[in-house]
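Below, each chain spelled out in residue letters.
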Amino acid sequence: LTRLGVRAIQPYQPGKPIDELARELGLESANIIKLASNENPLGPSPKVLVAIESAATELSRYPDGNGFVLKHALAEKYGIQQEQVTLGNGSNDVLELIARAFAGPGDEVIFSEYAFVVYPHATKAVEATPVVVPAVNWGHDLTAMANAVTDKTKLVFVANPNNPTGTWFSKEALEAFLGMIPNQVIVVLDEAYIEYVEDPNFPNGLDYLSQYPNLVVTRTFSKAYGLAGLRVGYSLSSPAIADILNRLRQAFNVNSLALVAAVAALSDHQYLVDSIAINQQGMAQLESGFSELGLNYIPSKGNFIAVEVGTQSQTIYQQLLAAGVIVRPVANYQMPNHLRVSIGLPEENQRLLTVLKQLVAA
Ligand code: PMP
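Rules of the game
- Residues numbered from 1 in each chain as written.
- Predicted model: local features only at pLDDT ≥ 70, side-chain atom pairs only at ≥ 80, totals over all residues.
- Near = placed C-beta within 6 Å.
- Nonpolar A, V, L, I, M, F, W, Y, C, P; charged D, E, K, R; others polar.
- Pairing = 2+ DSSP bridges.
- Helix = DSSP H or I, 4+ residues; strand = E, 2+ residues; numbered from the N terminus.
- Contact = placed C-beta atoms within 7 Å.
- Axes fitted to C-alpha atoms, helices over the stretch in contact; angles between N-to-C directions.
- Core = buried A, V, L, I, M, F, W, Y, C linked by C-beta atoms within 7 Å.
- Buried ≥ 20, exposed ≤ 12 C-beta atoms within 10 Å, placed from the backbone.
- Domains from an automatic or database assignment.
- UniProt positions renumbered as here; feature names shortened; annotations may be inferred.
- Expected span 1.5 Å × (residues − 1).
- Arc of directions from axis to C-beta.

J.: Which residues make up the site of the ligand, and what values go with them?
T.: Not every one of the 13 residues close to the ligand is listed here, only the nearest: Gly-90, Ser-91, Asn-163, Thr-220 and Ser-222. Split by residue class, the shell around the ligand holds four nonpolar, eight polar and one charged.

Laid out in structure tokens, this is it:
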């Protein structure tokens, strides 16, 4: 009954609700910490809560299907035209729209080994052919990716930084890569974690939009802006690409609370500053904690870090879970020796390290 390709798609494996997990483990929900989905440990900005409360009185109305106010705020922030912005139900929605718009059966879509799981998912959903390019030191091999382009290639997905590895590429590397990709191939530069990066060598995709009309930059409110539960993300591109995506999207793909929350989140600069600071502090805490335990990790520029715990990773994952610490196994990314840990609050990071110490010493 289904289209042929659909059964080749692995369903996304969500974690259990915390209350349900607590019941199974015989723990208090309040004693469980979740370091599994690269969420912001600070909770949402207080400005967002105020905005949502006042918007709630309008819940019987449909949202603004054009997201006018949010697009305006984004265009202003980035100094671009509103016509370059496409809003999505999370940036996942935009990534899927891009795949639907540009690829289909017989087409090739290139991404890296250890790339974000939505790229193979979106590729298979449109029955295009995934072309997976081997990574180098866990990161994208941009030269090999550009060399993998054929007449059939429609799309190349790159993430900077990448999830789940946290690896990244420089301005120089991105420039060389963009220069190698033919104009008719769409390059998707996924910058879900860019707000966390403060390295002067790190490229900002927006700087390349005017030179490369085939470039689409995707970003999200789920990470540094702390709105994962509301589902709002966006792409920035040429107006021509945004026009295509706009034709394909659902009319009301971003809900009314998400729209006002995102605008409020953009206005709360201090929250962003605090989020970046707590991430830097937590990253340093985990790096030195892992080193003390003799564990290797992949240096990361995101709000998460992949730590190498060895062939027993699944057991360690289960033991952490039993102790009320949820992390993310990454065996489905062909990284069976690693666990991905999201950066939490200092006391959460400490608790992870304390439990992990008992496990790796055992
Ligand atoms: N891209 C990357 C690299 C991600 O890690 C994520 C979140 N896991 C997303 C995109 C999608 O995030 P969202 O749909 O919440 O915007």
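Now that the structure is up, let's keep going.
J.: Let's hear about the sheet that holds strand β10 (residues 304–308): which residues, and what values?
T.: Spatially, four strands are ordered β9-β10-β13-β12 in an open sheet, and the strand pairing comes out antiparallel. Edge positions in the open sheet fall to β9 (297–298) and β12 (328–329), since each of these has one partner strand only. With two bridges joining them, β12 and strand β13 (residues 338–342) adopt antiparallel strand pairing. By the bridge assignment, Arg-328 is partnered in β13 with Arg-340. Sitting on the sheet, helix α11 (residues 313–322) is in contact with β12 and β13, with an inclination near 35 degrees to β13.

J.: Tell me about the nonpolar core, and please be specific about residues and values.
T.: Among the nonpolar cores identified, the biggest contains 99 residues, and Ile-98, Leu-155, Val-188, Ala-261 and Ala-262 are the most heavily contacted of them. Considering every element that reaches this core, the biggest residue donor is helix α9 (residues 256–267), with nine residues. The residues that make up this core include at least three from each of domain 1 (4–43 + 270–361) and domain 2 (46–268). When neighbours within four sequence positions are excluded, Leu-155 is seen to be in contact with Ile-98, Ala-99, Phe-102, Ala-103, Val-109, Val-185, Ile-186 and Val-188.

J.: Tell me what's going on with the domain arrangement of the chain, and back it up with residues and numbers.
T.: Domain annotation for the chain reports domain 1 (4–43 + 270–361) and domain 2 (46–268). In this complex, domain 1 contributes 28 residues to the contact, which on the side of domain 2 involves 23 residues. For the side of domain 1 that touches domain 2, the elements supplying multiple residues, two or more each, are α10 (269–292) and β10. With six residues, the top contributor of residues to the side of domain 1 that touches domain 2 is α10. Per-class residue counts for the side of domain 1 that touches domain 2 are 14 nonpolar, 11 polar and three charged.

J.: If you had to explain the UniProt feature "modified residue: N6-(pyridoxal phosphate)lysine" (unreviewed entry) in the chain to someone new, which residues and values would you point to?
T.: The positions that UniProt labels "modified residue: N6-(pyridoxal phosphate)lysine" (unreviewed entry) are, in the present scheme, Lys-223. Note on placement: Lys-223 falls in the loop between β7 (215–220) and β8 (233–236). Residues in contact with Lys-223, not counting those within four places in the same chain, are Asn-38, Asn-40, Ala-192, Tyr-193, Glu-195 and Asn-303.

J.: An account of the pairing of β10 is needed here, citing residue identities and associated values.
T.: Within β10, four of the five residues are buried, leaving the element largely enclosed by the surrounding structure. As paired strands, β9 and β10 are joined by two bridges and run antiparallel to one another. In the sheet register, Tyr-297 faces β10, and the bridge partner there is Val-307. Hairpin remark: β9 followed by β10, antiparallel, with five residues in the connecting loop. The pairing of β10 with β13 spans five bridges and is classified as antiparallel. Of the residues in β13, the one forming a bridge with Val-307 is Leu-339.

J.: Requested: an account of the sheet that holds β8, with residues and values cited.
T.: Across the sheet, which stays open at both edges, the seven strands sit in the order β2-β8-β7-β6-β5-β3-β4 with mixed pairing between neighbours. In the strand order of this sheet, the two ends are held by β2 (85–88) and β4 (129–133), each with one partner. Between one strand axis and the next, the sheet turns by 20 degrees as a mean value, whatever way the strands run. Where β7 lies against β8, four bridges are found, and the strand directions are antiparallel. Residue pairing in the sheet places Thr-220 in a bridge with Gly-233 of β8. Where helix α8 (residues 239–248) meets the sheet, it contacts β2, β7 and β8, and its direction lies at approximately 30 degrees from that of β2.

J.: Describe helix α12 (residues 346–361), naming the residues involved and giving the relevant values.
T.: Between the first and last C-alpha of α12 there are 22 Å, a value that for 16 residues agrees with the 22 Å anticipated at 1.5 Å per step. Within the span of α12, buried status applies to Asn-349, Leu-352 and Leu-356. Down the axis of α12, the buried set is contained in an arc of 60 degrees. They therefore lie on one face. In α12, those exposed residues whose orientation departs by more than 90 degrees from the buried face are Glu-347, Thr-354, Gln-358 and Ala-361. Those residues of α12 that are buried are in contact with α10, β11 (325–326) and β13.

J.: Kindly report on unusual backbone geometry, identifying the contributing residues and their values.
T.: Backbone phi values are negative for most residues with the exception of glycine, while trans is the configuration of most peptide bonds. Each neighbour pair has its own omega, and for Asn-160 with Pro-161 the value is -5 degrees, a cis peptide bond. Structurally, Pro-161 can be placed in the loop between β5 (153–159) and α7 (171–180). Here the amide bond leading from Asn-163 into Pro-164 is cis, since omega sits at 15 degrees, within 30 degrees of zero. Topologically, Pro-164 is positioned in the loop between β5 and α7. One non-glycine residue, Gln-334, adopts positive backbone phi at about 65 degrees. Take Gln-334: it is sitting in the loop between β12 and β13.

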